[in-house]
Amino acid sequence: MTRLPSLITEAVASVAGDNAPLHTPEISGNEWEYVKDCLDTEWVSTVGSYVNRFEEALTEITGAKFAIATSSGTSALHACLIVAGVGREDEVIVPALTFVATANAVAYQGATPHFVDCELTTLGIDAAKLDQHLSDTAELTGDGCRNRKTGRSIRALICMHTFGHPCDLDGLKALCDRWRLVLIEDAAESIGSYYKGQHTGNTGVLSALSFNGNKIITTGGGGAVLTNDEDLARRIKHITTTAKTPHAWEFVHDEIGYNYRLPNVNAAIGCAQLEKLPEWLHQKRALAAKYRDVMKELAGISYFDEPAECVSNYWLNVVMLDEDKIELRDVILEALNGAGLMSRPAWTPMHMLEMFGKCPRGDLSTAESVFRRLINIPSSPRLA
Ligand SMILES: *Cc1c(COP(=O)(O)O)cnc(C)c1O
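Residues numbered from 1 in each chain as written. Predicted model: local features only at pLDDT ≥ 70, side-chain atom pairs only at ≥ 80, totals over all residues. Heavy atoms only, no water.

Peer 1: Could you give an account of the layout of surface pockets, naming the residues involved and the relevant values?
Peer 2: One number sums up the size of the largest pocket: a volume of about 410 Å³. Forming the walls of the largest pocket are 29 residues, and the residues nearest its centre are F99, E189, N214, K215 and W315. Where the lining of the largest pocket is concerned, the elements lending two or more residues are α4 (73–83), α5 (100–108), β10 (206–210) and β15 (344–345). Its residues assigned to classes, the lining of the largest pocket comprises 14 nonpolar, 11 polar and 4 charged. What lines the second largest pocket is a set of 13 residues, and nearest its centre among them are T46, V47, K237, T241 and R261. For the lining of the second largest pocket, the class distribution of residues is 3 nonpolar, 7 polar and 3 charged. (1 Å grid on protein atoms, 1.4 Å probe; cavity = no way out; pocket = protein on both sides within 12 Å on 5 of 7 lines; lining within 4 Å. Points joined across faces, edges and corners; volume = space filled by probe spheres on them. Helix = DSSP H or I, 4+ residues; strand = E, 2+ residues; numbered from the N terminus. Nonpolar A, V, L, I, M, F, W, Y, C, P; charged D, E, K, R; others polar.)

Dropping the structure here:
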C-alpha cells in the first residue's frame, strides 16, 4: 500500500489545520457599514453610488481605463462576446481546461466553442500548439479566420488565467493579431495577478472578472468587464442596462439589451472587499510558500508555482500528481476530504461534457492529463 495519500493529507493538514473549506469569503471589513448605508438610504438596486465607486476602485486596481460592473462573471463574458461581434455562424477558441461559464457564454450567442489545449507551465492556452492547429485547420480570408473543416468564421479567442496563474498573454496576443481574432480574457480568477508587471485583463480587447462567493473578492454574486477602449466601454454599459437611450421619462430601447447590471447592495459589499485585497494577496502568498515547502518533501507530487515573469494571486493552490500516480487521485481526494480538508479535482474538460462533446477541437492531451493529475487544496487567506 502506498503511503502517499496519508502523507499528502498530513502535509496539507500541517499547513491548513484540521478542518478547512476550499475557499471561503471573508467578511471582516466595512461590508456591514456600506450595506447598512444602502439600506438606510434605500439605494439598493442597479443605480447608486457604490456601483460607481466599485467601478472606480476596479480601474485603480487593474489599471484598466474602464470597468463596467455586471450581475455575474458569466454575464460579463456574454457581454464581451456580444460587443466583440460574435454571432450564430461563428466559432470562438476556448480552452478545454476552464470553468463551464467560458464555453456557456459562447453558446449563449448561438456560436460554437472550439476547444484547444493548455500548456503545463501556465495551465492556460498553449499558443504554439494553437498556432500549429490553426495552420492545419484554418485559413485567412477577406473576412478573417475561417475554419476550413466547418466553413465557419473563427471570430475570437477567450483565454483564461487558471486558478489565478496568468497565461501566455504575449504569445496569445501575437497569435490573435496574426489570425485576426478578438482577444478576450476570462480574468474571473485573476484579480490581483500580474503578467510582466501589468495587471491581467489589460491585454485583451475586453476582459471579464467574477465576484462570485468563492472568488478572492466577492460581492455575493457579480462580475465586471474591463476594457481600455472607450467605445467598447460605452457599448458594454448600454447592452448590460437594457439598451435604454437616455431620456428623462421616455422608455426607448434601441436594441435587445440585457438586465446584467450589478445592484448597489452587491457593489457596497465589493467596495469593502476591495479595501482588503492587498492584505489578502499578501496572506495568499504566505500560504502558497508554506504549501510549496511541505510539498517539496514528498515524492510523486509537486506544487504548482506561478509562471515566469508573473505574479499570481494564488487564488486556489494547485498540486499536481506525477503521471505514474494518476490512479491515486481519487484515493487522495477521499483522504483529504475525509480529513475535513476540502479538495477538488480540476473541472471536467469542456469537450468531455455532453453538451459540448461534438464541438470542434484540437489535440487536448495536456488538458486531459492535467484533469487526471491536478488537485486544488484549501486556499482561504485566513489559513496563512
Ligand atoms: C467563476 C468563473 C466564471 C463565472 O463567474 P460567475 O460570476 O460565477 O458567473 C467564469 N470563468 C471562470 C474561469 C470562473 O472561474
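On we go from here.
Peer 1: Can you break down the packing of aromatic side chains residue by residue, with the values?
Peer 2: One pass over the full model with this rule turns up 7 aromatic pairs. Both rings, one in F54 and one in F211, keep their centres 5.1 Å apart while their planes meet at 70°; by these two values the pair is edge-to-face. Of the two residues, F54 sits in helix α3 (residues 49–62) while F211 sits in the loop between β10 and β11 (223–227), which places them 157 residues apart along the sequence. For the pair shown, F54 and F211 are each scored as buried. Aromatic pair Y258 and Y260: ring centres 5.0 Å apart, planes at 25°, arrangement stacked. Residue classification places Y258 among the partly exposed residues on the basis of a relative accessible area of 23%. A network of ring pairs unites the aromatic residues F163, W315 and W347 as a single cluster. The lysine or arginine in question, R53, covers the ring of Y34, its NZ or CZ lying 4.7 Å from the ring centre. Over the ring of F371 we find R329, and its NZ or CZ is 5.3 Å from the ring centre. (Phe/Tyr/Trp six-rings, centres within 6.5 Å; stacked < 30°, edge-to-face > 60°. Buried < 20%, exposed > 50% of the residue type's maximum accessible area, 1.4 Å probe, protein only. Lys NZ or Arg CZ within 6 Å of the ring centre and 35° of its normal.)

Peer 1: For the site of the ligand, give the residues involved together with the corresponding values.
Peer 2: By nearness alone, 15 residues border the ligand, and T74, D186, E189, S210 and K215 come closest of all. S210 is positioned with one of its side-chain polar atoms (N or O) 2.7 Å from an oxygen atom of the ligand. Measuring from an oxygen atom of the ligand, one finds a side-chain N or O atom of K215 at 3.2 Å. Contact with the protein chains removes 92% of the 380 Å² of surface that the ligand exposes when unbound. Among the cavities detected, the one that contains the ligand is the largest pocket. If you list the elements that add at least two residues to the shell around the ligand, you get α4 and α5. Taken together, the residues of the shell around the ligand break down into 4 nonpolar, 8 polar and 3 charged. (Near = heavy atom within 4 Å. Polar contact = N/O pair within 3.5 Å; in protein donor to acceptor, adjacent residues only side chain to side chain. Areas by Shrake-Rupley, 256 points an atom, 1.4 Å probe, with all protein chains shown as cover. Sits in = over half its atoms within 2 Å of the grid points.)

Peer 1: How would you explain empty space enclosed by the protein if you had to name every residue and give the values?
Peer 2: As enumerated under the stated definition, the model contains 1 cavity of 30 Å³ or more in all. The space that makes up the largest cavity amounts to roughly 30 Å³. Lining the largest cavity are H23, T24, P25, E26, K215, I216, T218, Q273, W280 and P381.

Peer 1: Mind laying out the sheet that holds strand β14 (residues 317–321), listing which residues take part and the relevant values?
Peer 2: Across the sheet, 4 strands lie side by side as β12-β14-β16-β15; this open sheet has antiparallel pairing. Bordering the open sheet on either side are β12 (301–303) and β15, each of which pairs with just one other strand. Examined bridge by bridge, β12 and β14 share 3 bridges and lie antiparallel to one another. Within the sheet, the bridge partner assigned to Y303 lies in β14 and is V319. Its contacts with the sheet place helix α9 (residues 264–296) against β12, β14 and β16 (374–377), and it is angled at close to 155° to β12. Against the sheet, helix α10 (residues 329–338) makes contact with β14, β15 and β16, and its axis sits at roughly 10° relative to β16, the strand it touches most. (Pairing = 2+ DSSP bridges. Contact = heavy atoms within 4.5 Å. Axes fitted to C-alpha atoms, helices over the stretch in contact; angles between N-to-C directions.)

Peer 1: Explain the packing of α4 against α5 residue by residue, including any values.
Peer 2: Where α4 meets α5, the axes come as close as 9 Å, and the angle between the chain directions of the two elements is 45°. For the element pair α4 / α5, the angle class is oblique. Note on packing geometry: the crossing formed by α4 with α5 is right-handed. In this structure, α4 uses T74, L77, H78 and L81 to contact α5, whose residues at the interface are A101, T102, A105, V106 and Y108. Across the contact of α4 with α5, the residue classes tally to 6 nonpolar, 3 polar and no charged. (Parallel < 35°, antiparallel > 145°, perpendicular 65-115°, else oblique. Left-handed = near helix turned anticlockwise from the far one by under 90°.)

Peer 1: Residue-level account of the pairing of strand β4 (residues 138–141), with values.
Peer 2: Bridge analysis of β4 against strand β5 (residues 144–147) gives 4 bridges, and the strand direction is antiparallel. Paired with L140 across the strands is C145, a residue of β5. In this structure, the hairpin formed by β4 and β5 is closed by a connection of 2 residues.

Peer 1: With reference to specific residues and values, describe the domain arrangement of the protein.
Peer 2: Considered domain by domain, the protein is made up of domain 1 (4–24 + 276–347 + 375–383) and domain 2 (31–274). Distance from the C-alpha centre of domain 1 to the C-alpha centre of domain 2: 28 Å. Of the residues lining the interface, 24 residues belong to domain 1; the matching set on domain 2 comes to 29 residues. Taking both sides of the interface into account, the surface hidden between domain 1 and domain 2 amounts to around 2300 Å²; carbon and sulfur atoms contribute 68%. Among the residues of domain 1 in contact with domain 2, L277, W315 and W347 are the three that bury the most area, contributing 33% of the side total. Connecting domain 1 to domain 2 are 0 salt bridges. Between the two partners, domain 1 and domain 2, sit 14 residue pairs in polar contact (both at pLDDT 80 or more). For the side of domain 1 that touches domain 2, the secondary structure elements donating two or more residues are α9, β13 (310–311) and β14. Counting residues per element, the side of domain 1 that touches domain 2 draws most heavily on α9, which supplies 6 residues. A class-by-class count of the residues in the side of domain 1 that touches domain 2 yields 15 nonpolar, 4 polar and 5 charged. (Domains from an automatic or database assignment. Buried area = accessible area lost by both parts, 1.4 Å probe. Salt bridge = Lys/Arg side-chain N within 4 Å of Asp/Glu carboxyl O.)

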